[in-house]
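What follows is the residue order along each chain.
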Amino acid sequence: LLPEEFSRWHPLSQAQYLEAVYLLPGYILSSQGDRMGMANAVEGRFPFLDHRVVEFSAKLPPRLRMRVLREKHILREGARHLLPQETLERDKQPYRAPDHAAFFPDGKLHGSLSGVLTPPNLAECGLFSARSVQALVEKAKRQESLGTRDGMALTGILSTQLLFEQYVKKRPEESRGQFPER
């Protein structure tokens, strides 16, 4: 299903074509863009996906589109006088929900969350090993880099514990009237 001339294209052009045709619509825009935005009543605007911008950039020589592994090279150079150096030089960052660091400002678990990850609360919920969670919490408190896997795990554990506190742990009389009876 590739264009006839695909094999004659520069490797960067081939990679960008494959990403734009297969990865962008079905995953990046759908899973990480539209669904996430619409679930939160936000309509995303993607100015770099305007067809005129895409067509223009596709005509640029590969050496201007990426220099070594520095993406958007020509855009960065064009915006050099508009943006701080720190912004121009930083690595590309995916848009994600806040990770574990958002819950540990200054190395302490945010005050309203302090009791959620205690061993008794973890035991009551019964889904997570208190010892393993405490190891992750201590690592986060030391402001060490947890890595993507551990950071996502800690955020997922915290989210689950919050849901347990809010919707399971409450006595029925406290939540009566909040949800329709079946």
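Residues numbered from 1 in each chain as written. Predicted model: local features only at pLDDT ≥ 70, side-chain atom pairs only at ≥ 80, totals over all residues. Heavy atoms only, no water.

**Details of the side chain of Thr155**
Along the chain, Thr155 turns up in helix α8 (residues 147–168). In this structure Thr155 comes out as buried when scored by relative accessible area, which is 15%. Of the polar contacts made by the side chain of Thr155, one reaches the backbone oxygen of Gly151; its length is 2.9 Å. (Helix = DSSP H or I, 4+ residues; strand = E, 2+ residues; numbered from the N terminus. Buried < 20%, exposed > 50% of the residue type's maximum accessible area, 1.4 Å probe, protein only. Polar contact = N/O pair within 3.5 Å; in protein donor to acceptor, adjacent residues only side chain to side chain.)

**Side note on α8**
Side chains that are three or four residues apart share a direction in an α-helix, a result of its 3.6 residues per turn. Here α8 contains 22 residues, and its C-alpha end-to-end distance of 30 Å stays within 8% of the 32 Å for a straight helix at 1.5 Å per residue. Within α8, the full set of buried residues consists of Gly151, Leu154, Thr155, Ile157, Leu158, Gln161 and Phe164. The elements touched by buried residues of α8 are α6 (119–125) and α7 (130–141). (Expected span 1.5 Å × (residues − 1). Contact = heavy atoms within 4.5 Å.)

**Side note on the packing of aromatic side chains**
Scanning the entire structure with this criterion turns up three aromatic pairs. Taken together, the ring pairs connect Phe6, Trp9 and Tyr17 into an aromatic cluster. (Phe/Tyr/Trp six-rings, centres within 6.5 Å; stacked < 30°, edge-to-face > 60°.)

**Let's talk about the environment of Val54**
Mapped onto the elements, Val54 comes out in helix α2 (residues 51–59). Residue classification places Val54 among the partly exposed residues on the basis of a relative accessible area of 38%. Taking the C-alpha atoms as reference, Val54 lies 9.9 Å from Ala20; in sequence the two are 34 residues apart.

**Quick notes on a nonpolar patch on the surface**
A surface patch of nonpolar side chains, amounting to about 530 Å² of accessible area, comprises Leu1, Leu2, Leu18, Val21 and Tyr22. As for its placement among the helices and strands, Tyr22 is situated in helix α1 (residues 11–39). Under the relative-accessibility criterion, Tyr22 is labelled partly exposed at 45%. (Patch = residues over 30% accessible without salt bridge, like charges linked within 9 Å, V, L, I, M, F, W, Y side chains within 5 Å. Areas by Shrake-Rupley, 256 points an atom, 1.4 Å probe, with all protein chains shown as cover. Salt bridge = Lys/Arg side-chain N within 4 Å of Asp/Glu carboxyl O.)

**Some details on the pattern of salt bridges**
Considering all chains together, one arrives at seven salt bridges under this definition. The partner of Glu165 in a salt bridge is Lys169, with the nearest N and O atoms 3.3 Å apart. The exposure class of Lys169 is partly exposed, given its relative accessible area of 31%.

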